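The chain contents come next:
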Amino acid sequence: MVPAEPADLVLDSELPLAPELAPSRDLPVDPQLAPRRQLPPVTELVLSPELPLAPELAPSRDLPLDPESAPGWDLPLDLELALSRDLPLDPGSVPGRELPLAPVRPRAGARRPPRHLADLPLAERRAAVAGLGEPPFRAVQLSRHFFGRFTDSPAEMSDLPLATRDSLAQALLPRLLSAERELSCDGGTTRKTLWRAFDGALVESVLMRYPDRVTMCVSSQAGCGMACPFCATGQAGLTRNLSTAEIVAQVVAGARLLAAGEVPGGPGRVSNVVFMGMGEPLANYASVVAAVRRLTEPVPEGMGISQRSVTVSTVGLVPAIARLAAEDLSVTLAISLHAPDDALRDTLVPVNRRWKVAEVLAAGWDYAAVTGRRVSIEYALIRDINDQAWRADLLGSLLAERLAHVNLIPLNPTPGSKWTASRPAAQREFVRRLQAHGVPVTVRDTRGREIDGACGQLAASVA
Ligand code: SAH
């Protein structure tokens, strides 16, 4: 699998904030009771110590963490989130400042991606078709073309009347992403695509074909706001959230290649989807959850991929993990831990200054309890930074007896970084100590490294 995927941050200092964007502190906490708040979809959030925040906009670290008494969705999950790019990121120099979360206003002139049928549940597609003066069953026909045959081309829709094909496709199947660059390796079975969106935003996706499966690694945001210092995407900051259809379109593009037999190994289908491309999926919560539904609903509603074959990877946005657990989805949760102790994790995954290791893991165990799904703990091994034997033991003790699995990722160094992958002996010892605690562990293969660098590097090279 491609190591990839950084998170970055955007610090928008152009607040003040509109009060109606402020996360409310007194929402009920119980996921069943919590209202699904409708917040302006294009607003972004930044996490920054520098912001002149009104006190009531800055969720505090001393919020009660007990799920029974916590203030609930203090994280406005329908907004974009980003951390400050100005954080001191050197290990050892963490000032221990709080990182308030705050919404920022959308960039002036920001436009939403065009509406696409993959943004809508089938009932709304029918309504949209009816609104165009066509019989609602045309929505099913269009959906079968897109989700079942992976085409958005009117010329291939012979079951639709010639007179309306073009207008229907234009209205509901706009081409959202165009391939800017394609790279492949592993004899063509690993293919990375750099996509350009309608507004010029760049995102990457990777198709990886293995003997027994095909995994699509998709982006959920253009850029990322989480500022993990070892991640290439983190260097560029957050551009914007992707729409549901922009996420789904990455998978459909891979499915189209596979169905056409254009990937060595014969015609095939996408079996797995991992949200490990650019962006922090849970900082684009509503679009990501809708995309998961679209990917996993049967044709014509969606693509018919098994929920269990979908993995959502997060830096650890605790309220969003709790909300995901309440969605009634059987997707795998991956937590990018990278350190078992707060002192180091505060620097490697800066959002840890808001939600500590213990809180993130507790949210993971709740997720496992609700869904029955084993949580994947992602750990990029960085030489002499987080690969010490004592850290392996500490990690092992935190995970022992839990429904967890550790995925060790040899660090894929980003250009200019002083960090590199662990020495083989250190990696072997890390694995051994985790196993000694009874914790299942795998070392991720480093597919696509030569076309990749770390995820995000391709976008950085073109932007
Ligand atoms: N924002 C999500 C998705 C990240 S991408 C998250 O943080 O989970 C998938 C994984 O790749 C994450 O665990 C991320 O930390 C890791 N990653 C990012 N850059 C990397 C690099 N240069 N080398 C190895 N792993 C990296």
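Right, let's walk through the structure included here. (Residues numbered from 1 in each chain as written. Predicted model: local features only at pLDDT ≥ 70, side-chain atom pairs only at ≥ 80, totals over all residues.)

Our next topic: helix 3 (residues 162-172). Of the positions making up helix 3, those classed as buried are Arg165, Leu168, Ala169 and Leu172. Around the axis of helix 3, the buried residues are gathered within 95° of arc, so they sit on the same side. Residues of helix 3 that are buried in the fold lie against helix 1 (122-131) and helix 2 (137-148). (Buried ≥ 20, exposed ≤ 12 C-beta atoms within 10 Å, placed from the backbone. Helix = DSSP H or I, 4+ residues; strand = E, 2+ residues; numbered from the N terminus. Arc of directions from axis to C-beta. Contact = placed C-beta atoms within 7 Å.)

The step from Val299 to Pro300 runs through a cis peptide bond, and the omega angle for that step is 10°. In this fold, Pro300 is placed in the loop between helix 6 (285-296) and strand 10 (310-314). Located in the positive-phi region is Asp186, a residue other than glycine, with phi close to 50°. By the element assignment, Asp186 lies in the loop between strand 3 (177-185) and strand 4 (190-197). We classify Asp186 as partly exposed; it has 15 C-beta atoms within 10 Å. Phi is positive for Asp328, which is not a glycine, with a value near 65°. If you trace the backbone, Asp328 turns up in the loop between helix 7 (318-325) and strand 11 (332-336).

Attention shifts here to the nonpolar core. With 110 residues, the main nonpolar core has Val248, Val251, Val273, Leu295 and Ile321 as its most contacted residues. Looking at this core element by element, the count peaks at 10 residues for helix 5 (residues 244-259). For this core, the domains that each give at least three residues are domain 1 (117-172) and domain 2 (177-451). If sequence neighbours within four positions are ignored, Leu295 has contacts with Val248, Val251, Val273, Gly302, Met303, Ile305 and Val310. (Core = buried A, V, L, I, M, F, W, Y, C linked by C-beta atoms within 7 Å. Domains from an automatic or database assignment.)

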